[in-house]
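Listed here are the chains, written in short residue letters.
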Amino acid sequence: MQRPQIITGPKGLKILIINNPEHLSTSFLILVGVGSDWETKKNNGIFHFIEHLYFKGTKNYPSSKALMEAIDNIGGSFNAFTSCEYTGYYIKVLPEYSLSALEILSDIILNPLFPEEEIDKERNVIFEEINLHQDRPQELVIEIGNRLTFGDQPAGWSILGTKETISKIKREDILKTVHENYSTKNTLIVISGKIYKQKELVDFIFKIFKNYNAQRPKQKVKFKPPAKKYKEKIVFKDVAEAHLFLGFPLPGFLKLKEKRISLHLLSTILGDKASSRLWLKIREELGAAYYIRSYFGEFSDRSLFFVHAGINLEKLESVFRELIREIVKLKNEGPTEKELSTSKAVLKSSFFMDLEESLSTAIFYGKQYLLEKKLETPKDIERKINEIKIVDIKKILKDIFIFSQARLAIILPEKFKINFSKIIKELLK
């Protein structure tokens, strides 16, 4: 694979080229540096709503049916996604259909119709998406934990929004939001995979995007760091197992810098592999959880290290005690050399195995450049992973597992009365 290349065109629009002749497909990804972090309490959910609506008809494909048929005619796969800090739209095709795929994707971004009737229909689709999310306690507990951690600001809200906010968003709100936030200044076009006629594709992009909005996009809502105190929320629901979130707020990756690799390794050691401490103790030894994992989620201005588990109701108290003991033990003693070695292998695999196909490669490099203006290759990251030592992990442990600042969210039936904060205090003595 050739080293990624950035090409800058008129009005500052940037194209990222990742040419890999070994890939069988070509992916076109348009990333816009805007997401739910830019929302207000009034319009929460609007960027996810907008993402849906881009596929409801364009100037050249005036209905969703016409658009889907055009993509099917070239055998393409497509989708979009919204996160806190970016929104992405993509089409993946065989290389011979590249120009047609690029023409369709460009039309989606440049010429959306946002028809009134489709807005109303898609509003109902999002209502059902919210319903589905609420009916899945394993997902809901993360949303509750996130809100508990970051509070009443965009970082603590759902990307989906609420039924109340979505019901009030009108077509003029959508047009205004797109105009204020979609711009050459925060848009990155990524071409990844086996690339035919690269110059023709690049020339086409700069020609067709010549009238794309070039004004400076709005700034995101300023993030307010969470209070440094323990918070707990118990939600009573008629569930067959308890669903737990135990989170520890951290700074964003702009401050964490090189500590990020150590945090990913730590998460892998604690609960992100089949031989991790939590999996072996609680799933395998105690047989008390269907799922238990740890995660390190990072954003530019905040991060979150958390444990997520579905636990047998009758064993909930004993499992919670074991969970806290394992975290305290890891904090006090650090990992073993074998654990570190294994976690490095697992982390490298999770980072790089997906890069065998063009779309994952586009997202891997596109997110890096959009958010951090850098293009680290897998070899660059592998070198950083290999350089981490036990002492590096031990240095950060005391700054992560601070129980006086932890967030605990649990969904369980009302009859189970457990004093979780008291258990934590007992075990920390």
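My aim in this report is to walk through the structure given alongside it, one point at a time. Every value quoted in this text rests on a predicted model; they were computed, and no experiment measured them.

**Quick look at the overall build of the chain**
So, step 1. Assigned secondary structure in the chain consists of 17 helices and 11 strands.
So, step 2. Relative to the globule expectation of 22 Å for 429 residues, the C-alpha radius of gyration of the chain, 23 Å, shows essentially globular dimensions.
So, step 3. Overall size of the chain, expressed as C-alpha extent along the three principal axes, is 65 × 50 × 35 Å.
So, step 4. When the accessible surface of the chain is split by element, carbon and sulfur atoms take 52% of a total near 19800 Å².
So, step 5. Here the chain carries 68 positive and 55 negative side-chain charges, and the mean point of each set is 6 Å from the other.

**With respect to the pattern of salt bridges**
So, step 1. Within the structure shown, the criterion is met by 32 salt bridges.
So, step 2. With a shortest N-O distance of 2.7 Å, Asp 37 and Arg 302 are connected by a salt bridge. With Asp 37 in the loop between β3 (26-32) and α1 (46-53) and Arg 302 in strand β10 (residues 302-311), the pair connects residues that are 265 residues apart, well separated along the chain.
So, step 3. For Arg 302, a relative accessible area of 2% translates into the label buried.
So, step 4. Two residues, Glu 426 and Arg 321, come together in a salt bridge whose shortest N-O distance is 3.4 Å. With Glu 426 in helix α17 (residues 420-427) and Arg 321 in helix α12 (residues 316-333), this residue pair connects regions lying 105 residues apart in the sequence.
So, step 5. Given the relative accessible area of 33%, Glu 426 is considered partly exposed.
So, step 6. Connected through shared salt-bridge partners, Glu 258, Arg 260, Glu 298, Glu 372, Lys 374, Glu 376 and Lys 384 make up one network.

**A short note on the side chain of Ser 27**
So, step 1. With respect to the element layout, Ser 27 can be found in strand β3.
So, step 2. Judged by relative accessible area, Ser 27 falls into the buried class, the value being 0%.
So, step 3. Side chain to side chain, Ser 27 and Ser 358 meet in a polar contact 2.7 Å long.
So, step 4. Here the side chain of Ser 27 touches Leu 359 through a polar contact of 3.2 Å, landing on its backbone nitrogen.
So, step 5. Apart from the residues lying within four places of it in its own chain, the contact partners of Ser 27 are Ile 91, Lys 92, Val 190, Ile 191, Ser 192, Ser 358 and Leu 359.

**Thoughts on the packing of helix α11 (residues 277-285) against α12**
So, step 1. As a packed pair, α11 and α12 sit with axes 11 Å apart at the nearest point and diverge in direction by 160°. By the angle between their directions, the pair α11 and α12 is classed as roughly antiparallel. In the crossing of α11 with α12, the sense of the turn from one axis to the other is right-handed. Here Arg 277, Leu 278, Lys 281 and Ile 282 of α11 lie close against α12, whose contacting residues are Val 319, Glu 322, Leu 323, Glu 326, Lys 329 and Leu 330.
So, step 2. When its residues are assigned to classes, the contact of α11 with α12 shows 5 nonpolar, no polar and 5 charged.

**Concerning the environment of Leu 31**
So, step 1. Its location among the elements puts Leu 31 in strand β3.
So, step 2. Look at Leu 31 and you get buried, because its relative accessible area is 0%.
So, step 3. Spatially, the C-alpha atom of Leu 31 lies 22 Å from that of Met 353, the residues being 322 residues apart in sequence.
So, step 4. When near neighbours in sequence (up to four residues on either side) are disregarded, Leu 31 contacts Phe 81, Tyr 86, Thr 87, Gly 88, Asn 186, Thr 187, Leu 188, Gly 366, Lys 367 and Leu 370.

**Looking at the packing of aromatic side chains**
So, step 1. Taken as a whole and assessed by the stated rule, the structure comprises 17 aromatic pairs.
So, step 2. Arranged with centres 5.3 Å apart and planes meeting at 85°, the rings of Phe 209 and Tyr 212 form a pair that is edge-to-face. Of the two residues examined, Phe 209 and Tyr 212, each falls in the buried class.
So, step 3. Here the aromatic rings of Phe 305 and Phe 401 are separated by 5.4 Å at their centres, their planes lie at 90°, and the arrangement is edge-to-face. Here the residue Phe 305 occupies a position in strand β10, and Phe 401 occupies one in the loop between α16 (390-400) and β11 (407-412), the gap between them amounting to 96 residues.
So, step 4. Phe 305 sits in the buried class, given a relative accessible area of 0%.
So, step 5. Three or more aromatic residues joined by ring pairs make a cluster, and in this case those are Tyr 54, Phe 55, Phe 78, Tyr 89, Phe 114 and Tyr 182.
So, step 6. Over the aromatic face of Phe 299 sits the side chain of Arg 302, whose NZ or CZ is 4.5 Å from the ring centroid.
So, step 7. One cation-aromatic arrangement involves Lys 373 over Tyr 369; the distance from NZ or CZ to the ring centre is 5.5 Å.

**Focus: the nonpolar core**
So, step 1. The biggest cluster of nonpolar side chains holds 69 residues, and the ones touching the most others in it are Leu 246, Leu 266, Phe 305, Phe 320, Leu 323, Phe 401 and Phe 403.
So, step 2. The biggest single contributor to this core is α12, with 8 residues.
So, step 3. Formed by 51 residues, the second largest nonpolar core is a distinct cluster that contains Val 32, Ile 130, Ile 191 and Phe 209.

**Let's talk about the sheet that holds strand β4 (residues 77-82)**
So, step 1. In spatial order, the strands read β1-β2-β6-β3-β5-β4; together these 6 strands make up an open sheet with mixed pairing. Strands at the two margins of the open sheet, each flanked by one partner only, are β1 (5-8) and β4. Adjacent strand axes in the sheet meet at a mean angle of 15°, parallel and antiparallel pairs treated alike.
So, step 2. Bridge count between β4 and strand β5 (residues 87-93): 6 bridges; the pairing is antiparallel. Directly across from Phe 78, in β5, lies its bridge partner Ile 91.
So, step 3. Along the sheet, α1 contacts β4 and β5; its crossing angle with β4, the most-contacted strand, is approximately 165°.

Each value, and the rule that gives it
Residues numbered from 1 in each chain as written. Predicted model: local features only at pLDDT ≥ 70, side-chain atom pairs only at ≥ 80, totals over all residues. Heavy atoms only, no water. Helix = DSSP H or I, 4+ residues; strand = E, 2+ residues; numbered from the N terminus. Rg over C-alpha atoms; globule rule 2.2 N^0.38 Å. Areas by Shrake-Rupley, 256 points an atom, 1.4 Å probe, with all protein chains shown as cover. Lys, Arg positive; Asp, Glu negative; His and termini not counted. Charge placed at Lys NZ, Arg CZ, Asp CG, Glu CD. Salt bridge = Lys/Arg side-chain N within 4 Å of Asp/Glu carboxyl O. Buried < 20%, exposed > 50% of the residue type's maximum accessible area, 1.4 Å probe, protein only. Polar contact = N/O pair within 3.5 Å; in protein donor to acceptor, adjacent residues only side chain to side chain. Contact = heavy atoms within 4.5 Å. Axes fitted to C-alpha atoms, helices over the stretch in contact; angles between N-to-C directions. Parallel < 35°, antiparallel > 145°, perpendicular 65-115°, else oblique. Left-handed = near helix turned anticlockwise from the far one by under 90°. Nonpolar A, V, L, I, M, F, W, Y, C, P; charged D, E, K, R; others polar. Phe/Tyr/Trp six-rings, centres within 6.5 Å; stacked < 30°, edge-to-face > 60°. Lys NZ or Arg CZ within 6 Å of the ring centre and 35° of its normal. Core = buried A, V, L, I, M, F, W, Y, C linked by side-chain atoms within 4.5 Å. Pairing = 2+ DSSP bridges.

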